[in-house]
Amino acid sequence: MKKKLNIIVLLTLVVLTLFTFGCKKEVEAGADVRAWNISSQDGACGGQVVTLKVEKGDISWFCWTVHQADGGYIQTAGTDYDIYKYVSDGDHFGDKVNDITTLENGNTYIFKFGVKGNYDLYINQPTAEKSVGGTKDFRGKVKVEENNTVHLKDSGYKDITGKNVEVYIKNNEPTSGSFWQNGDYTVTELWPLVLESNNTAGDSGTGSIWKVEQSLKYTGLALTNGNTAGWLFPCEEGKDILVAMYQPNRGTGTPMQGSTKEEQTENLNTYFGKQISYASIPENRKLTVANSSSFNDKKFLKEDMSFTAKSAIGTVEYYTVSDVPEGMTK
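I will try to describe carefully the structure that is included in this document. Computed from a predicted structure; not experimentally measured.

Within the secondary structure layout, Pro234 lies in strand 17 (residues 228-234). Between the C-alpha atom of Pro234 and that of Ala29, which follows or precedes it by 205 residues, the distance is 6.7 Å. Every residue in contact with Pro234, bar those within four places of it in the chain, is listed here: Lys163, Asn164, Pro192, Glu213, Gln214, Leu216 and Ile241.

Here we come to the sheet that holds strand 13 (residues 164-170). As summarised here, the arrangement of the three strands in space is 17-13-21, forming an open sheet in which the pairing is mixed. One side of each edge strand has no neighbouring strand; the edge strands of this open sheet are strand 17 and strand 21 (286-291). Each neighbouring strand pair of the sheet contributes to a mean axis angle of 25°, computed without reference to strand direction. For strand 13 and strand 17, the ladder comprises seven bridges, and the chain directions are antiparallel. Bridge pairing links Glu166 to Leu232 in strand 17.

Grouped together as the largest cluster of nonpolar side chains are 31 residues, with contacts concentrated most on Leu190, Tyr218, Trp231, Phe233 and Ile276. Elements with a minimum of two residues in this core: strand 4 (61-66), strand 13, strand 15 (189-197), strand 17, strand 18 (241-246), strand 20 (270-276) and strand 21. With residues near it in sequence (within four places) discarded, Phe233 still touches Lys163, Asn164, Val165, Val167, Leu190, Pro192, Leu216, Tyr218, Ile241 and Val243. Membership of the second largest hydrophobic core comes to 27 residues, among which are Val54, Ala128, Val142 and Tyr157.

Now for the pattern of salt bridges. This model, assessed by the stated rule, comprises 11 salt bridges. When the shortest N-O distance is used, the salt bridge between Lys53 and Glu55 registers 3.6 Å. Here Glu213 and Lys239 are joined by a salt bridge, their closest N and O atoms 3.4 Å apart. Taken as a pair, Glu213 in the loop between strand 16 (209-212) and strand 17 and Lys239 in the loop between strand 17 and strand 18 lie far apart in primary sequence, 26 residues in all. The network of salt bridges with common partners includes Arg34, Arg139 and Asp159.

With that settled, consider the sheet that holds strand 11 (residues 149-153). Taking strand neighbours across the sheet as the criterion, the six strands line up as 2-11-3-8-6-7 in an open arrangement whose pairing is mixed. At either margin of the open sheet sits one strand with a lone partner, and together these are strand 2 (38-42) and strand 7 (93-96). Direction aside, neighbouring strands of the sheet carry axes that sit 30° apart on average. Direction of pairing for strand 3 (residues 49-53) relative to strand 8 (residues 108-113): antiparallel, over a ladder of five bridges. Paired with Thr51 across the strands is Ile110, a residue of strand 8.

With that out of the way, let us pick up unusual backbone geometry. Note the cis peptide between Glu173 and Pro174, where omega equals -5°. One non-glycine residue, Gln214, lies in positive phi territory at about 55°. Here Gln214 is to be found in the loop between strand 16 and strand 17. In this structure, Ser215 is a non-glycine residue whose phi angle is positive, near 60°. A residue is classified by how much of its surface remains accessible, and Ser215, at 39% relative accessible area, is partly exposed.

Once that is clear, we can look at the packing of aromatic side chains. One pass over the full model with this rule turns up 15 aromatic pairs. A connected cluster of aromatic rings, assembled from ring pairs, spans Phe62, Trp64, Tyr81, Phe111, Phe113 and Tyr119. Of note, Lys217 hangs over the ring of Trp191, and the distance from its end group to the ring centre comes to 5.7 Å. The residue whose ring lies beneath Arg285 is Trp61, and the NZ or CZ to ring-centre distance is 4.2 Å.

What counts as what
Residues numbered from 1 in each chain as written. Predicted model: local features only at pLDDT ≥ 70, side-chain atom pairs only at ≥ 80, totals over all residues. Heavy atoms only, no water. Helix = DSSP H or I, 4+ residues; strand = E, 2+ residues; numbered from the N terminus. Contact = heavy atoms within 4.5 Å. Pairing = 2+ DSSP bridges. Axes fitted to C-alpha atoms, helices over the stretch in contact; angles between N-to-C directions. Core = buried A, V, L, I, M, F, W, Y, C linked by side-chain atoms within 4.5 Å. Buried < 20%, exposed > 50% of the residue type's maximum accessible area, 1.4 Å probe, protein only. Salt bridge = Lys/Arg side-chain N within 4 Å of Asp/Glu carboxyl O. Phe/Tyr/Trp six-rings, centres within 6.5 Å; stacked < 30°, edge-to-face > 60°. Lys NZ or Arg CZ within 6 Å of the ring centre and 35° of its normal.

This is the structure we're talking about:
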């Protein structure tokens, strides 16, 4: 009896292990990214290298990002890494193909990174999962090390997510029309928002409530003036999102002449939102949202996990001010 019980326990552990570590499951964009299955690792192509073998059909879109816990910044081919076609002889590095947009079935590709670290690989492969076709993206985390070549297969992804769009932002604040001049306009947070409820007038304007989409929040960022960076955001068909941008250190500069203390406090705690329409997303899913100063489609104040829309700086009416910087008062 004891022997049978031990066998049952072992089988249960095996099943649980396979379910926990082997299965592919659909997750929200903001969920932690699980590790991509590694086929093998060696020094075949040197250090800070990842190879990807494509066996389940063409990959129509792919994107590398810094692991989300470290900011989630998109990595750019030719700048952050180079792409090569793999060849079976010599040092394995074939032609450099940084401008490639499709990873073709039957080929293996080499990604040579400039910096070691944890990266997330996203792919769209229409023939990989018949149940979702090209309507979903697949992803997994990969650890890139100095003296290691990591070998992957396209089947090794762990998570299935909704489709994503690459959003690129240039920080060009402050401009002549900015509320604060000569301040620190570093972007520290980006949140995708969707409309949860209309305001008392029945529309999405002042007083309407917006919520975070798919638990996705980018925090602890450092997009400083004059620099450009990109992030992935969910792009569900038929649904628009608003990317809310936060710059909490503007108050180190000079406020708009004639502005009140209340207006200054409110401005420091405002998230500026840029609407992204699903219909406007290009086929290659690379969307340039121009400049940080264009994030003025809507303005929001955060109330715990929800945001209240407002149309202009003015009397506090529909919301409470949160996240007040040190030295300021509500």
